[in-house]
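# A look at the structure
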Amino acid sequence: MRQYLLDTNILSHVIKQPQSTLTQKILALESDSLCTSIIVACELHYGVEKKGVVD
């Protein structure tokens, strides 16, 4: 099975544009084939906190 490492730009795009062609292609993949790094997860968490989206 092929694995896909999603970076910050890709995941931000998916969040901001859930109806985009890229998002639809990612959603069509098996969830077991998708992953990201702890660094990307921390960057996204930081961005959410900076924007005040969560408490």
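Computed from a predicted model, the values in this text were never measured in an experiment.

## Examining the packing of helix α1 (residues 8-16) against helix α3 (residues 38-51)
Packing of α1 against α3 brings their axes to within 10 Å, and their N-to-C directions diverge by 45°. One finds that α1 runs oblique with respect to α3. When the axes of α1 and α3 are compared, the crossing they make is right-handed. Between α1 and α3, the residues in contact are Thr8, Leu11 and Ser12 and Val40, Glu43 and Leu44, respectively. Tallied by class, residues from the contact of α1 with α3 come to three nonpolar, two polar and one charged.

Calculation criteria
As a convention, each chain's residues are numbered from 1 in the sequence order in which they are written. Totals for whole chains, interfaces and linings use all residues, but because this is a predicted model, local features are given only for residues with pLDDT of at least 70 and pairs of side-chain atoms are given and counted only at 80 or more. Think of the side-chain values as coming from all heavy atoms in the structure, minus any hydrogens and water. Angles shown run from 0 to 180 degrees and are taken between the N-to-C directions of axes, each axis being a line fitted to C-alpha atoms and, for helices, limited to the stretch in contact. Strands here mean DSSP runs of E at least two residues long; helices mean DSSP runs of H or I at least four residues long; both are numbered from the N terminus. In this scheme, roughly parallel covers angles under 35 degrees and roughly antiparallel covers those over 145, while 65 to 115 is roughly perpendicular and the rest are oblique. Two helices crossing with the near one rotated counterclockwise from the far one by less than a right angle form a left-handed crossing, whereas a clockwise rotation gives a right-handed crossing. Any two residues having at least one pair of non-hydrogen atoms within 4.5 Å are treated as being in contact. Amino acids outside the nonpolar list (Ala, Val, Leu, Ile, Met, Phe, Trp, Tyr, Cys, Pro) and the charged list (Asp, Glu, Lys, Arg) are all regarded as polar, and Gly is one of them.

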